[in-house]
Amino acid sequence: MITITTAAPLLQQYRSVRQWTEDICRPLQKEDYVVQPVEFVSPPKWHLGHSTWFFETLVLKQFMPGYTEYDPNFNFVFNSYYESLGARVIRTQRGNLSRPTVDEIYRYRAFVDAAMEQLLENPLPAEAKTLLELGCHHEQQHQELLWYDIKYILGHNPLFPAYAGEDGSGRPEARQQGFVEMPGGVYEAGFSGPGFCYDNELGRHKNYLQPYAIAKEPVTNGEYLEFIKAGGYQEFSYWHAEGWDWVKNNDVRAPLYWHKIDGRWQHYTLYGLQAVQPENPVQHVSFYEAAAFAAWKGLRLPTEFEWEAAAGQFNWGRSWEWTESAYLPYPGFERAAGPVGEYNGKFMVNQKVLRGASDYTPKGHSRATYRNFFHAPMRWQLSGIRLAKNIQ
């Protein structure tokens, strides 16, 4: 077995990641931790427990001799979707878990953190280091999901309470105009080199791309307001058939969190209701809305390969950007053995790829090859729009 000595940066990464999750939750009231308004939103306390369970189950139980789990029931409570690790609470029932309490979950985190600190004092197998690193990135993913879920919970409270008290609108950034033109040719996609990546980024490969142009900036609120004013939500010709059904069945008239109050558009933010700022990137739109907006403009969404090939030439990072690409495996993709193999591969069906990052993405967790993915109707994530077009 190959072993490594404990590296201070790895321990520091673990401590930093774990602390930031709790910092995100600090402004919450106890009652906020338990709410699950819809199936795809998990209560904040579940995120706290699940991210801890990941380290306990995949690292401590396997690599710390004599480790005794905190509570045998927690495998059932905090397992998310790992079939190989046993039964679990159905996702829709997470909000019914009044027990374990919030305080108990924080004690669970402290218990596991203490054991992890002890584990990291000794030489580790290389496999343990790999799982530890994956665990840190996994928790960072849940940090972003925490922001989404907290915003959904508070944004669907009739009182629109603020998560934080200060004005977070900020000043709009200077915008570049126009498009980046990309010549036709062979471009590589996928992760390469040192550093961490997820398995769905592996399998660097070549793609032939026809000449195209991609917008230097994402679509703004102001631009999207023009789509609304022009009757974009009333004209079926801009929409996929499935998207048009979604609009009608759900009476969709604007991005998520937008409310027209006294004739003016406002949207819920983590700082409460605020006026929609025309200069800021539009967020919280579904793939259906993104594609319809592009059609209204006489343009289209980029493929994920077009996006990646041009990523070094435009600004990105405020919102995850919908692409036209289905979430599929790269050439040569293979699921890893064991629970880790369930991490990405089994979700490669009926979803669209989003590229970039968002205001909620932890520092150091974004890269041009990162492949996020959601079903077409989803928009509680910070999803936005970047346009593309064919050129001769």
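Treat the numbers as computed from the prediction; the structure is a model and nothing was measured.

(A) Up close: the sheet that holds strand E6 (residues 212–215). The antiparallel open sheet is built from 3 strands, whose spatial order is E3-E6-E14. Here the strands that pair on one side only, and so sit at the sheet edges, are strand E3 (179–182) and strand E14 (388–390). In this sheet, adjacent strand axes meet at a mean angle of 20° when their direction is disregarded. When E3 meets E6, the two strands line up antiparallel, connected through 4 bridges.

(B) How the structure looks around the sheet that holds strand E12 (residues 372–374). Here we have 4 strands laid out as an open sheet, ordered E12-E11-E10-E13, and mixed in their pairing. Each having just a single partner strand, E12 and strand E13 (383–384) make up the two edges of the open sheet. Direction of pairing for strand E10 (residues 320–326) relative to strand E11 (residues 352–356): antiparallel, over a ladder of 4 bridges. The residue bridging Ala 326 from the neighbouring strand is Lys 352, located in E11.

(C) Looking closely at the layout of surface pockets. In this structure, the largest pocket occupies an estimated 1,100 Å³ of space. Mapped by element, the contributors of at least two residues to the lining of the largest pocket are helix H2 (44–63), helix H5 (126–155) and E12. Ranked by residue count, the leading element in the lining of the largest pocket is H5, at 7 residues. Its residues placed into classes, the lining of the largest pocket shows 17 nonpolar, 13 polar and 8 charged.

(D) Fine view of the state of the cysteines. Scanning all chains against the criterion turns up 0 disulfides. Distance from the sulfur of Cys 25, which forms no disulfide, to the nearest cysteine sulfur (Cys 136) is 17 Å. Given the relative accessible area of 0%, Cys 25 is considered buried. Of all cysteine sulfurs in the structure, the one in Cys 136 sits closest to Cys 197, which takes part in no disulfide; the separation is 16 Å.

Calculation rules
- Residues numbered from 1 in each chain as written.
- Predicted model: local features only at pLDDT ≥ 70, side-chain atom pairs only at ≥ 80, totals over all residues.
- Heavy atoms only, no water.
- Pairing = 2+ DSSP bridges.
- Helix = DSSP H or I, 4+ residues; strand = E, 2+ residues; numbered from the N terminus.
- Axes fitted to C-alpha atoms, helices over the stretch in contact; angles between N-to-C directions.
- 1 Å grid on protein atoms, 1.4 Å probe; cavity = no way out; pocket = protein on both sides within 12 Å on 5 of 7 lines; lining within 4 Å.
- Points joined across faces, edges and corners; volume = space filled by probe spheres on them.
- Nonpolar A, V, L, I, M, F, W, Y, C, P; charged D, E, K, R; others polar.
- Disulfide = S-S within 2.5 Å.
- Buried < 20%, exposed > 50% of the residue type's maximum accessible area, 1.4 Å probe, protein only.

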